[in-house]
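Chain residues, written in single-letter form:
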Amino acid sequence: MRFNLSILFIAFTLFASMTSLNLQANEQQIFVVRHVEKLKGKDPELSMAGQKRARALAALMANQPINMLIATQFKRTQQTLEPLAQAKLLNLTIVAAQRPLIHHVAQTINMAKSSSGSVIIAGHSNTVPMILTALGIKQPIELTESDYGDLFLLNLKDDQLISWKRSHFGDAPTLKQIQNVR
């Protein structure tokens with residue numbers, strides 16, 4: 001437990017150094033994550049590892065001024081943001097992930113940019129790279145079905161990307177946790 005708290009503290013310290021709490025009126029921070037570990041099924045709940053990682057995300061973002069949380073209609077994205085929503089006393093904004101996905105991406109970005117402050121978007125392995133590209137990241141971002149815990153921080157000014165960073169939150173899953181997901 002002491003080791004996990006040390007890792008969380010170090011991660012928070014590094015993450016806090018990446019962010020700025022003093023945003024100007026024309027500046028915005030958008031955080032993008034892929035949903036965390038899930039069980040199997042059509043619309044699965046989070047696994048135990050996913051629940052733990054969702055709590056780690058909430059702890060990491062505890063001191064960040066977040067104004068909006070955006071998820072899809074699927075339980076896994078909503079449950080990824082649920083601990084943070086409870087801690088921040090925010091409701092989730094649901095943007096349906098429907099085909100063609102480019103419409104979902106455009107609607108998600110429009111919703112995020114309409115917020116007067118920082119936003120967290122929880123997406124999927126196929127939508128997160130599209131969202132990041134649409135927000136201005138030129139470098140191709142690939143996420144596989146086994147990638148969990150990546151956190152992208154984008155700083156925008158006048159709706160244009162000025163900087164971005166990729167970090168990680170939560171512990172890496174153990175072999176036992178991976179086997180329990182199957």
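Conventions used here
Within each chain, residues carry numbers counting from 1 in the order of the written sequence. Note on the predicted model: pLDDT of at least 70 is required for a residue's local features to be given, and 80 or more for side-chain atom pairs to be given and counted; whole-chain, interface and lining totals, by contrast, use all residues. The basis for every side-chain value is the complete set of heavy atoms in the structure, and neither hydrogens nor water enter the calculation. Think of pLDDT as the predictor's per-residue confidence, scored from 0 to 100. In what follows, residue pairs with any heavy atoms lying within 4.5 Å of each other are defined as contacts. For every residue, the accessible area (1.4 Å probe, protein chains only) is compared with the maximum for its type, and the residue is labelled buried under 20%, exposed over 50%, or partly exposed between those bounds. Comment: elements are numbered from the N terminus, with helices defined as DSSP H or I runs of at least four residues and strands as E runs of at least two. A pair of strands is treated as paired once DSSP finds two or more bridges between them. The axes used here are C-alpha line fits, helices contributing only the stretch in contact, and every angle between their N-to-C directions lies in the interval 0 to 180 degrees. Under the pairing criterion, centres of Phe, Tyr and Trp rings, with the six-membered ring standing for Trp, must be within 6.5 Å; the plane angle then separates stacked pairs below 30 degrees from edge-to-face pairs above 60, leaving the rest tilted. Charge-over-ring placement is defined geometrically: NZ (Lys) or CZ (Arg) within 6 Å of the ring centre, and within 35 degrees of the ring normal. Residues grouped as a nonpolar core are buried Ala, Val, Leu, Ile, Met, Phe, Trp, Tyr and Cys residues, joined through side-chain atoms within 4.5 Å.

Considerations on the confidence of the model for the protein
Part 1: Scored by pLDDT, the protein has a mean of 86; 80% of the residues are at 70 or more.
Part 2: Note on residues 5-21: pLDDT is under 50 here. Beyond four places in sequence and across chains, it has 23 contacts.
Part 3: Overall, residues 175-182 carries pLDDT values under 50, and its contacts beyond four positions in sequence, including any with other chains, amount to eight contacts.

A few points about the pairing of strand β4 (residues 118-123)
Part 1: The buried fraction of β4 is high, at six of six residues.
Part 2: With burial as the criterion, each face of β4 is covered, one bearing S118, I120 and A122 and the other bearing V119, I121 and G123.
Part 3: For strand β2 (residues 66-71) and β4, the ladder comprises four bridges, and the chain directions are parallel. Of the residues in β4, the one forming a bridge with L69 is I120.

Let's talk about the sheet that holds strand β5 (residues 150-157)
Part 1: On the basis of which strands lie adjacent, the open sheet formed by six strands has the order β3-β2-β4-β1-β5-β6 and mixed pairing. Unpaired on one side and paired on the other, β3 (92-94) and β6 (160-168) mark the two borders of the sheet. The mean inter-strand angle of the sheet, taken between neighbouring strand axes irrespective of direction, is 25°.
Part 2: Sheet contacts for helix α3 (residues 75-88): β1 (27-34), β2, β3 and β4; angle to β2, the most-contacted strand, approximately 160°.
Part 3: Against the sheet, helix α4 (residues 101-114) contacts β1, β2, β3, β4 and β5, and its axis sits at roughly 170° relative to β2.

Focus on the environment of I162
Part 1: Take I162: it is sitting in strand β6.
Part 2: A relative accessible area of 52% means that I162 is categorised as exposed.
Part 3: Separated by 25 residues in sequence, I162 and I137 have C-alpha atoms that sit 9.7 Å apart.
Part 4: Residues within four places of I162 in sequence aside, it is in contact with N155, L156 and K157.

Details of the packing of aromatic side chains
Part 1: Within the structure shown, the criterion is met by zero aromatic pairs.
Part 2: Positioned over the ring face of F74 is R76, at 5.0 Å from the centre of the ring.

Focus: the nonpolar core
Part 1: Counting 21 residues, the largest nonpolar core has M61, L69, L81, I120 and L151 as the members making the most contacts within it.
Part 2: Residue assignment for this core shows that the elements contributing at least two residues are β1, α2 (48-60), β2, α3, β4 and β5.
Part 3: Other than its neighbours up to four places away in sequence, L81 contacts L57, L69, I70, A71, L92, I120 and A122.

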